[in-house]
Amino acid sequence: MSKPEERAQWIGQIALLALLTSGFHMLQFAASAALWIRTGSPVIAAFGLDAIVSAIAAFLLSIRIRRSYETLATEWKSRVVGYGYVIGAVLSLILAISSFIGKHHAQRSLLGILLAAVSMLVIPIAGSYMKVLAVELRNQTLKDAAVFTFGNSYLSMVLLISLLLNAGMDFVWGDALGALVMVPFLAQKGIQILIEEGSSEYVED
């Protein structure tokens, strides 16, 4: 296989991987929404908010890779995604504080623990494979996207620990505390995207 053919194949694979990652994030969101309605867990809600924004980000990445790989560096991040993460951080903060003030104790959720465990397995695999493809393509932008994807496993870990504290150790504030821990991560992702978007617009002008 010639190098141009290999490159085209790698581009197709990473676009497909981004699309599959988007689909998995959508499943995370659907599961989180259902579990939040059932348990009232703020940490599950925060996890779901991150998942839906990450799904949009991965979907846009997949589309833009297929549409124009060469201009990906200036297009893969969207201001809409940046604002989405910031809004998610604000809503997560509100839910966590409301839980503390209202002394709301979320129900234990074994399904939530399962969701966190599966997410901790799938997301790092997707991020690692995306990074391998980005290295083969020698594209720093895609490497950054891979790191961005891999970073979502941090929230899966926070979710798992919070739910285990609630279910296994009977620490009733575990859910609210977990949501608070997720807030800076969500905010940082959103602010980083908005800053980079603003910088690219300034350079283009």
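Keep in mind that this is a model prediction, so the values were computed, not measured. (Residues numbered from 1 in each chain as written. Predicted model: local features only at pLDDT ≥ 70, side-chain atom pairs only at ≥ 80, totals over all residues. Heavy atoms only, no water.)

## Points about the overall build of the protein
Reasoning step 1: Broken down by element type, the protein carries seven helices and zero strands.
Reasoning step 2: For the protein, the sequential pattern of α-helices and β-strands runs α-α-α-α-α-α-α.
Reasoning step 3: Relative to its 205 residues, the protein shows a buried fraction of 45%.
Reasoning step 4: In the protein, the proportion of contacts linking residues at least 24 apart, taken out of those at least 6 apart, comes to 83%. (Helix = DSSP H or I, 4+ residues; strand = E, 2+ residues; numbered from the N terminus. Buried < 20%, exposed > 50% of the residue type's maximum accessible area, 1.4 Å probe, protein only. Contact = heavy atoms within 4.5 Å.)

## Comments concerning the pattern of salt bridges
Reasoning step 1: Following the criterion strictly, the structure yields one salt bridge and no others.
Reasoning step 2: When the shortest N-O distance is used, the salt bridge between Asp50 and Lys189 registers 2.7 Å. Of this pair, Asp50 sits in helix α2 (residues 42–67) while Lys189 sits in helix α7 (residues 174–204), placing them 139 residues apart in sequence.
Reasoning step 3: The buried category is assigned to Lys189, whose relative accessible area is 2%. (Salt bridge = Lys/Arg side-chain N within 4 Å of Asp/Glu carboxyl O.)

## Some thoughts on the packing of α2 against helix α3 (residues 79–101)
Reasoning step 1: Closest axis-to-axis distance for the α2/α3 pair is 9 Å, and the angle between their directions is 175 degrees. Our classification of the angle between α2 and α3 gives roughly antiparallel. Here Pro42, Ala45, Ala46, Leu49, Asp50, Val53, Ser54, Ile56, Ala57 and Leu60 of α2 lie close against α3, whose contacting residues are Val81, Gly84, Tyr85, Gly88, Leu91, Ser92, Leu95, Ala96 and Ser99. (Axes fitted to C-alpha atoms, helices over the stretch in contact; angles between N-to-C directions. Parallel < 35°, antiparallel > 145°, perpendicular 65-115°, else oblique.)

## Overview of helix α5 (residues 140–151)
Reasoning step 1: Its twelve residues place the ends of α5 16 Å apart at the C-alpha level, agreeing with the 16 Å of an ideal helix rising 1.5 Å per residue.
Reasoning step 2: Among all positions in α5, only Thr141, Leu142, Ala145, Ala146, Phe148, Thr149 and Gly151 are buried. (Expected span 1.5 Å × (residues − 1).)

## Concerning the nonpolar core
Reasoning step 1: Of all hydrophobic cores here, the largest spans 17 residues; its most connected members are Val43, Ile44, Phe47, Leu159, Leu163 and Met182.
Reasoning step 2: Discounting chain neighbours no more than four positions away, the residues touching Met182 are Val43, Ala46, Phe47, Leu155, Val158 and Leu159. (Core = buried A, V, L, I, M, F, W, Y, C linked by side-chain atoms within 4.5 Å.)

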